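Now for the letters of each chain:
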Amino acid sequence: MTQMMLSAPRLETERLILRGPEESDFDAVKAFMASERTKYMGGKSSSEWEIWRGFLGSIGHWALRGYGFFTVLDKRGNRLGRVGLLNHVMWPEPELGWHMFDGSEGKGFAYEAAMAIRDWAAKERKLDRLISQIHPDNVRSIALAERMGATLEKETTLLGDPCLIYRHPSVAGGAA
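One structure accompanies this document, and this report is about it. Within each chain, residue numbers correspond to sequence positions counted from 1 in written order. The predicted origin of the model limits local features to residues at a pLDDT of at least 70 and limits the giving and counting of side-chain atom pairs to 80 or more, whereas totals for whole chains, interfaces and linings rest on all residues. No hydrogens and no water enter the side-chain calculation; it runs on all heavy atoms of the structure.

**Details of the overall build of the protein**
Here comes step 1: Scanning the protein from N- to C-terminus turns up four helices and eight strands.
Here comes step 2: C-alpha extents for the protein along the principal axes are approximately 45 × 35 × 35 Å.
Here comes step 3: Whether a residue is buried, partly exposed or exposed follows from its accessible area with a 1.4 Å probe, protein chains only, as a fraction of its type maximum: under 20%, in between, or over 50%, in that order. For the protein, with 176 residues in total, the buried portion stands at 44%.
Here comes step 4: For the protein, contacts bridging at least 24 residues in sequence account for 60% of all contacts bridging at least 6.
Here comes step 5: Summed over its atoms, the accessible surface of the protein is roughly 9,700 Å², and 51% of this surface lies on carbon and sulfur atoms.
Here comes step 6: Here the positive residues are Lys and Arg and the negative ones are Asp and Glu; neither His nor the chain ends is included. By convention, the charge on Lys lies at NZ, on Arg at CZ, on Asp at CG and on Glu at CD. Distance between charge centroids for the protein: 3 Å, based on 23 positive and 23 negative side chains. Each helix is a run of DSSP H or I of at least 4 residues and each strand a run of E of at least 2, with the numbering of both proceeding from the N terminus. Contact criterion: two residues are considered in contact whenever any of their non-hydrogen atoms come within 4.5 Å of each other. Surface accessibility follows the Shrake-Rupley procedure with a 1.4 Å probe radius. Residue values consider only the protein chains on display as shielding.

**Examining helix α3 (residues 109-124)**
Here comes step 1: By definition here, a helix of n residues has an expected span of 1.5 Å times n minus one. Here α3 contains 16 residues, and its C-alpha end-to-end distance of 22 Å stays within 8% of the 22 Å for a straight helix at 1.5 Å per residue.
Here comes step 2: For α3, every residue scored as buried is listed here: Phe109, Ala110, Glu112, Ala113, Ala114, Ile117, Arg118, Trp120, Ala121 and Ala122.
Here comes step 3: Just past α3, the residue Lys126 takes up positive phi, approximately 55°.

**What to know about the pattern of salt bridges**
Here comes step 1: Each reported salt bridge corresponds to a side-chain nitrogen of Lys or Arg within 4 Å of a carboxyl oxygen of Asp or Glu. By the definition in use, this model includes 12 salt bridges.
Here comes step 2: Between Arg10 and Glu12 there is a salt bridge, and its shortest N-O distance comes to 3.4 Å.
Here comes step 3: Overall, Glu12 belongs to the partly exposed group, its relative accessible area being 48%.
Here comes step 4: Here Arg79 ties to Asp25 by a salt bridge, and the two come within 2.6 Å at their closest N and O atoms. Residue Arg79 is found in strand β4 (residues 79-86), and its partner Asp25 is found in the loop between β2 (16-19) and α1 (26-33); the two are separated by 54 residues along the sequence.
Here comes step 5: Given a relative accessible area of 2%, Asp25 falls into the buried group.

**A short note on the environment of Phe26**
Here comes step 1: Position of Phe26 relative to the elements: it lies in helix α1.
Here comes step 2: What makes Phe26 buried here is its relative accessible area of 8%.
Here comes step 3: For Phe26 and Cys163, which are 137 residues apart along the polypeptide, the C-alpha to C-alpha distance reads 28 Å.
Here comes step 4: Once residues within four sequence positions are removed from consideration, Phe26 is found in contact with Glu48, Ile51, Trp52 and Phe55.

Take it as geometry only, folks, not as evidence of what the structure does.
In structure tokens, the structure reads:
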């Protein structure tokens, strides 16, 4: 049997460990994806099979693109959420996105993780001036994007829903 090894890097911040997805993350992802908290990202998934397929897709994203969503843990190993990069075939370009698990919001974890990943993406993957695609009603994500220095670039639709595209500032110091 051939086994493909995922080579997601491990990043650390003052309070966090950011690592690639592991099968042991599935229960936390399943709880999040089955909750109402997904209303701004397509809505909750109805079956464990759907959630499993999405979870496997996030692992495949790493294999195909060389980047993806990191699992965000505190230094004690508690799973806090997922933050990372997406570039699905229907996306206009790579996106920096985030979702935090229940009880992990409002503590600065998403900001800390997203800033570290944005820096890593620019330096290690040459992905600078990323976008974040945010539903107009998702005031918490809009506030986070703006706190990170991202500015509203345009209004559009994504998968049939209204979408705001926020553009992040250059990390690499290149032209704006």
